[in-house]
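Chain by chain, the residues run as shown.
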Amino acid sequence: MTATIALVDDDKNILTSVSIALQAEGFVTRIYPDPEGALKALLDNPADLAVFDIKMPRMDGLELLRRLREKSAMPVIFLTSKADELDEALGLAMGADDYISKPFSQRLLIARIRAILRRAEANRTPEASDEPVAEPIVRGRLEMDPARHRVKWDGKDVTLTVTEFLILETLAQRPGVVKNRNQLMDAAYQDDVYVDDRTIDSHIKRLRRKFREVDSQFNAIDTLYGAGYRFSEE
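What you see is a predicted model, and the numbers here were worked out from it, not measured in a lab. Along every chain, residues carry numbers that run from 1 in the direction the sequence is written. With the structure being a predicted model, the display of local features is reserved for residues of pLDDT at least 70 and the display and counting of side-chain atom pairs for 80 or more, all residues being used for whole-chain, interface and lining totals. Each side-chain value is derived from all of the structure's non-hydrogen atoms; neither hydrogens nor water enter the calculation.

Peer 1: Describe the overall build of the chain, with residues and values.
Peer 2: We count a stretch as a helix when DSSP gives it H or I for four or more residues in a row; a strand needs E for two or more, and each element gets its number in order from the N terminus. On a plain count of helices and strands, the chain comes out with eight helices and eleven strands. Counting over 234 residues, the chain shows a buried share of 47%. Exposure was quantified through the Shrake-Rupley algorithm and a 1.4 Å probe, taking into account, for residues, occlusion by the shown protein chains and nothing else. Here the chain displays about 12000 Å² of accessible surface, and carbon together with sulfur accounts for 48% of that area. Burial classification: accessible surface area is computed with a 1.4 Å probe over protein chains only, and a residue below 20% of its type maximum counts as buried, one above 50% as exposed, and the rest as partly exposed.

Right under this line is the structure:
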């Protein structure tokens, strides 16, 4: 079944270019330059996934997400600027599924959309899916449920983006084994999306920060300089 993607941005050039790219990949798109109109339309006729810009007039993406989450669990990706780290954190806490910083690669956005749709489908009907259901991962105080995209540390929820989840899952699958940056890139960025080493380092930094928000002593992700990263099971 063809997925419908809703795009909400006050920049009509972005709406047009992203919509054309998504349609070329087989998606159906609905575009909204006005967040208030988008909210009504998405509540009346939900899409499979929505992409929101954060910085919009009258109603920003955070407020749009807050009001949408009152009635809908539709997956949402945020488009942010590099200076919007606080907004990213707020958005994830409010229920966004991922974020991509501007300027962004359309190939990366499409890869993230596909990954989130796969996980959303597995979360809705894991028993009925033709795909094998990934088993939960338990490594010491870490619990991961790949089918439902859920992570706990010491029984406390940790909210991760799809990219962060895939990186952590790759490390946690084989505790003590060093994964170099290329291996982590292959796990987190599918469909031949290119990213540089610094992108992976940034995700590792964010992962550590998020776990330290629930456990200030968290140190389960080791850096081996010149080699890569590993998960250390306690």
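Peer 1: Tell me what's going on with the sheet that holds strand 6 (residues 137-139), and back it up with residues and numbers.
Peer 2: Between any two strands, pairing holds if DSSP finds at least two bridges. Strand order in the open sheet formed by four strands is 6-7-8-9, with antiparallel pairing between adjacent strands. If you trace the sheet from one side to the other, it starts and ends with strand 6 and strand 9 (156-157), each paired once. As judged from the three bridges shared by strand 6 and strand 7 (residues 142-145), these two strands associate in the antiparallel manner. Each residue of the ladder has a partner; that of R139, found in strand 7, is L142. Contacts were defined at the residue level, with two residues in contact if any of their heavy atoms lie within 4.5 Å. Every angle, taken between N-to-C directions, lies between 0 and 180 degrees, and every axis is a line fitted to C-alpha atoms, over only the stretch in contact when it is a helix. Strands strand 6, strand 7 and strand 8 (150-153) of the sheet are contacted by helix 6 (residues 162-173), whose axis makes an angle of about 120 degrees with strand 7.

Peer 1: A description of the environment of P35 should follow, citing residues and the corresponding values.
Peer 2: Mapped onto the fold, P35 is located in helix 2 (residues 35-44). Residue P35 is classed as buried on the basis of its relative accessible area, which comes to 1%. Apart from the residues lying within four places of it in its own chain, the contact partners of P35 are V8, M56, P57, M59 and L64.

Peer 1: Help me get a handle on the pairing of strand 8, residues and values and all.
Peer 2: Within a regular strand, the side chains alternate between the two sheet faces. Side chains V151 and W153 project from strand 8 onto a buried face, and the interleaved R150 and K152 project onto a face without burial. Where strand 7 meets strand 8, four bridges bridge the pair, whose relative direction is antiparallel. Paired with L142 across the strands is W153, a residue of strand 8. The turn linking strand 7 back onto strand 8 is made up of four residues, and H149 within it adopts a positive phi angle of 55 degrees. Where strand 8 and strand 9 come together, two bridges link them in antiparallel fashion. Residue pairing across strands places W153 opposite K156, the latter belonging to strand 9. Hairpin connection from strand 8 to strand 9: two residues lie between these consecutive antiparallel strands, with D154 at a positive phi of about 55 degrees.

Peer 1: Any details on the environment of L168? Residues and values, ideally.
Peer 2: With respect to the helices, strands and loops of the structure, L168 is situated in helix 6. Among the residues examined, L168 registers a relative accessible area of 0% and is labelled buried. Each C-alpha atom, one on L168 and one on H203, is 9.7 Å from the other, the two residues being 35 residues apart in sequence. Ignoring sequence-local partners within four residues, the contact set of L168 consists of L142, M144, V151, L160, L207, F211, I221 and F231.

Peer 1: How would you sum up the sheet that holds strand 5 (residues 98-101)? Please name residues and give values.
Peer 2: One open sheet accounts for five strands, arranged 2-1-3-4-5; its pairing is parallel. Edge positions in the sheet fall to strand 2 (28-32) and strand 5, since each has one partner strand and no second. Neighbour-to-neighbour, the strand axes of the sheet open up by a mean angle of 20 degrees, direction not taken into account. Relative to strand 5, strand 4 (residues 76-80) runs parallel, the two sharing four bridges. Each bridged residue has a counterpart across the sheet, and for T80 the counterpart in strand 5 is S101. Helix 2 contacts strand 1 (4-8), strand 2 and strand 3 (49-53) of the sheet and is inclined by roughly 135 degrees relative to strand 2.

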